[in-house]
Every structure is written in structure tokens, then in C-alpha cells.
Amino acid sequence: MISFILMVNKQGQTRFSSYYEWISMEERVALESEIIRKCLSRSELQCSFLEYRGYKVIYRRYASLFFIVGTKPDKGDAENTENELGMLEFIHTLVETMDKWAGSICELDIMYQLEEVHFLVGEMVQNGYVVETNKSNILRPIALMEREAQKVDSMFR
């Protein structure tokens, strides 16, 4: 089960975070800073998986952004059986979908269109489980919302 998704720049500033289990704000801040520090300090030659505080952390760097996914075992399971390569593929699909939506995704797209990014990730992941990977199905509701917003904008001109 996915516990959290983070998008972080090279300076270690969190640009997007989404949590799928309850964690207090103090613990979130500490966890994020420690995981980000660990991911940023690793070289490109090291593998993209690490274990930290019971989380299996999978990350990938695209241009100036790090996409970080943290998984934990499902409730009742003793061992985290989440497939690391499957999570890397999920990260790649997320980036490809965001590229299709915003052109070439960059840090500014995430900062200035945060609500749409949350919606996009929400279409892909629900309650900590990946539910959709088809780019067209993910982007269709966003395109409909943008089309309706343009109609409303043109109505008031």
C-alpha cells in the first residue's frame, strides 16, 4: 500500500505531498526531511530503493524533480510485499501523464497548478492503491473541467 507520494526539487523543497495514512504534522515534517535528505544524498549509480523506518522508499529523478513514493505493509501483513519495480513504473506513468497534461512538466507547473496535480494523482491513486494507469482515462476529467472553466470565462466577457 502506498503511504505517501512526494515531489521534491533538487534543493530539497517539497512541492507536492499526498498521504494515504494518518501521520501527525510533526512526524510528517520530520519524515519528509529525513527521506528527502537520504534520497538527495544518493548518487545516480545507487539503486532507487531504500528502507527507512519501516517504509520502503522508491524514488526517481526527472530533470530537477524527485518523485518519491513510500510504501508500508497492508494492515494485518507482517511484510511489505510491494513490488519496487512496479512502483518505479507507476512513477514513470505519473510523469508521462503529467507531461501529456502540461507539456514538459516542471517545478513551476506543480507550484502554480497544485490543485490539478492533486486531482491528477487522485485519479491514479485512491486510498493508497493504484487504480488507474491509462493516461487518457486520467486526463479526460481534467480536460472536461478545463473546457467547462473556459465556457464560464467566456460567458462573463
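Overview of the structure. (Residues numbered from 1 in each chain as written. Predicted model: local features only at pLDDT ≥ 70, side-chain atom pairs only at ≥ 80, totals over all residues. Heavy atoms only, no water.)

What to know about the sheet that holds strand β1 (residues 2-9)
An order of β2-β1-β5-β4-β3 is seen for the 5 strands of this open sheet, with the pairing classed as antiparallel. The outermost strands of the open sheet, each flanked by one partner alone, are β2 (14-19) and β3 (49-52). Pairs of neighbouring strands in the sheet enclose a mean axial angle of 20°, with direction left out of account. Bridge count between β1 and strand β5 (residues 65-71): 7 bridges; the pairing is antiparallel. Looking at β5, one finds that I2 is bridged to T71. Each of β1, β3, β4 (55-62) and β5 touches helix α2 (residues 84-102); the most contacted strand, β4, lies at about 40° to it. (Pairing = 2+ DSSP bridges. Helix = DSSP H or I, 4+ residues; strand = E, 2+ residues; numbered from the N terminus. Axes fitted to C-alpha atoms, helices over the stretch in contact; angles between N-to-C directions. Contact = heavy atoms within 4.5 Å.)

What about unusual backbone geometry?
Notably, A63 is not glycine yet its phi reads approximately 55°, a positive angle. When its relative accessible area of 66% is taken as the criterion, A63 is described as exposed. With phi around 55°, N127 is a residue other than glycine that occupies positive phi space. Relative to the helices and strands, N127 is located in the loop between β6 (125-126) and β7 (129-130). (Buried < 20%, exposed > 50% of the residue type's maximum accessible area, 1.4 Å probe, protein only.)

Note that every value here comes from positions in space, so none of it alone points to a role or purpose.
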